[in-house]
Amino acid sequence: MSEKKMLRQHMLTYISGLSEFERKNIEEKLQNQLVASPVFQQAATIGITISTAQEWATSSIMEKAWEEGKIIASPKCIVKTKEMQYYVWNQLDQIEAGYAGIKEPIPEKTTPIAPADIDLLLVPGVIFDKDGYRIGYGGGYYDRMLADYKGVTISLCTEKQLVDRIPRESHDLPVELIITEKRTIKTSK
Ligand SMILES: Nc1ncnc2c1ncn2[C@@H]1O[C@H](COP(=O)(O)OP(=O)(O)O)[C@@H](O)[C@H]1O
Ligand SMILES: [Mg+2]
């Protein structure tokens, strides 16, 4: 097994072992810090995944964004090319379970949006380092997305998911900001 794969599995096991109390406590701090951040406040359009049960919840972040009149766009995976297309949505009947059971916008009921029109992109991941490099879920979807994304990138993680250095491959791309339950880190990206 590759080093990345081992690290990924180890961290996913750790996260799934957190108690509901610990998880909610971390989650609330991540959400509060994000919605209070200047990049969130300044963003008119936010690209954000619809979280699965294993990920830090994104629903209350979306609620807050909608309350503030912001536009929410979520990705749909194009499995064949391992790319993503973002769509603007604002009602639960516009999303459905797609790739790997992940909830995604229904193209027929939503409006596609280009990466250039997304001001702030939330980048999910399993492990991050202080330079913003990440280990994702292994599909390379965000490495492809970030290759031509020019807006602000931000990730949410608990302190335990943040390490000094992650093994990097030439296609891996870093995020600009990382929010943990304790701090916001501006990476060297
Ligand atoms: N921009 C890209 N163009 C082509 N292939 C890519 C690109 N980015 C990533 N990949 C491929 O996607 C696969 C998964 O990438 P990896 O970095 O291991 O996963 P993740 O970032 O999800 O943890 C790798 O085999 C990698 O070669
Ligand atoms: Mg990668």
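Residues numbered from 1 in each chain as written. Chains lettered and ligands numbered in written order. Predicted model: local features only at pLDDT ≥ 70, side-chain atom pairs only at ≥ 80, totals over all residues. Heavy atoms only, no water.

### So, the packing of aromatic side chains
And then number 1: Under the criterion given, the structure shown has two aromatic pairs.
And then number 2: Geometrically, the ring pair formed by Trp66 and Trp89 is edge-to-face, given 5.1 Å between the ring centres and 85° between the ring planes. Highlighted residues: Trp66 in helix H4 (residues 59–67) and Trp89 in the loop between strand E3 (83–88) and strand E4 (95–97), separated in sequence by 23 residues.
And then number 3: Seen in terms of ring centroids, Tyr99 and Tyr141 are 5.6 Å apart; in terms of plane orientation they differ by 50°. Their pairing is tilted. Here the residue Tyr99 occupies a position in the loop between E4 and strand E5 (103–105), and Tyr141 occupies one in helix H5 (residues 141–147), the gap between them amounting to 42 residues. (Phe/Tyr/Trp six-rings, centres within 6.5 Å; stacked < 30°, edge-to-face > 60°. Helix = DSSP H or I, 4+ residues; strand = E, 2+ residues; numbered from the N terminus.)

### Remarks on empty space enclosed by the protein
And then number 1: Under the defined criterion, the tally for this structure stands at one cavity of 30 Å³ or more.
And then number 2: Of the voids in this model, the largest cavity is the one considered here, and its volume is about 200 Å³.
And then number 3: Considering the residues around the largest cavity, the lining is formed by 17 residues, among which Glu55, Trp56, Pro124, Gly125 and Leu156 are closest to the centre.
And then number 4: Those elements giving two or more residues to the lining of the largest cavity turn out to be helix H1 (3–16) and strand E10 (152–156).
And then number 5: The residue inventory of the lining of the largest cavity, partitioned by class, reads nine nonpolar, seven polar and one charged. (1 Å grid on protein atoms, 1.4 Å probe; cavity = no way out; pocket = protein on both sides within 12 Å on 5 of 7 lines; lining within 4 Å. Points joined across faces, edges and corners; volume = space filled by probe spheres on them. Nonpolar A, V, L, I, M, F, W, Y, C, P; charged D, E, K, R; others polar.)

### Remarks on the site of ligand 1
And then number 1: Every one of the 14 residues lining ligand 1 counts as a neighbour, but Gly136, Gly138, Asp143, His171 and Asp172 are closest to it.
And then number 2: Within the contact set of ligand 1, an oxygen atom lies 2.9 Å away from a backbone nitrogen or oxygen of Gly138.
And then number 3: For ligand 1, a nitrogen atom lies 3.3 Å from a polar atom in the side chain of Arg144.
And then number 4: Computed on the free molecule, ligand 1 has an accessible area of 570 Å², of which 67% lies beneath the protein chains in the complex.
And then number 5: Among the detected pockets, ligand 1 sits in the largest pocket.
And then number 6: At the level of elements, H1, strand E9 (134–135) and H5 are the ones that each hand at least two residues to the shell around ligand 1.
And then number 7: Split by residue class, the shell around ligand 1 holds two nonpolar, five polar and seven charged. (Near = heavy atom within 4 Å. Polar contact = N/O pair within 3.5 Å; in protein donor to acceptor, adjacent residues only side chain to side chain. Areas by Shrake-Rupley, 256 points an atom, 1.4 Å probe, with all protein chains shown as cover. Sits in = over half its atoms within 2 Å of the grid points.)

### A closer look at the coordination of the magnesium ion (ligand 2)
And then number 1: Surrounding the magnesium ion (ligand 2) are the protein donor atoms Asp143 (OD) and Asp172 (OD), which sit 2.0 to 2.1 Å from the metal. Of this pair, Asp143 sits in helix H5 while Asp172 sits in the loop between strand E11 (162–163) and strand E12 (177–179), placing them 29 residues apart in sequence.
And then number 2: In this structure Asp172 comes out as buried when scored by relative accessible area, which is 5%. (Donors = N, O, S within 2.8 Å, 3.2 Å for Na, K, Ca; no water. Buried < 20%, exposed > 50% of the residue type's maximum accessible area, 1.4 Å probe, protein only.)

### Description of the sheet that holds E11
And then number 1: Strand order in the open sheet formed by three strands is E9-E8-E11, and the pairing between neighbours is mixed. The sheet is open, and its two borders are formed by E9 and E11, each paired with just one other strand. (Pairing = 2+ DSSP bridges.)

### Considerations on the pattern of salt bridges
And then number 1: This model, assessed by the stated rule, comprises 10 salt bridges.
And then number 2: For Lys24, the salt bridge is made with Glu20, and the minimal N-O distance between the two is 3.0 Å. One end of the pair, Lys24, and the other, Glu20, are both in helix H2 (residues 20–36), four residues apart, so they sit about a helical turn from each other.
And then number 3: Ionic pairing is found between Arg183 and Glu159, a salt bridge with its closest N-O pair at 2.8 Å. Taken as a pair, Arg183 in the loop between E12 and strand E13 (184–186) and Glu159 in the loop between E10 and E11 lie far apart in primary sequence, 24 residues in all. (Salt bridge = Lys/Arg side-chain N within 4 Å of Asp/Glu carboxyl O.)

### Observations regarding the environment of Lys29
And then number 1: Turning to its location among the elements, Lys29 is positioned in helix H2.
And then number 2: In this structure, the C-alpha to C-alpha distance between Lys29 and Gly138, residues 109 residues apart in sequence, is 27 Å.

### Structural notes on the sheet that holds strand E6 (residues 111–113)
And then number 1: With mixed pairing, eight strands are arranged side by side in an open sheet as E6-E3-E2-E1-E7-E10-E12-E13. Unpaired on one side and paired on the other, E6 and E13 mark the two borders of the sheet. Adjacent strand axes in the sheet meet at a mean angle of 30°, parallel and antiparallel pairs treated alike. (Axes fitted to C-alpha atoms, helices over the stretch in contact; angles between N-to-C directions.)

Treat this as a map of the structure, not an account of what it does.
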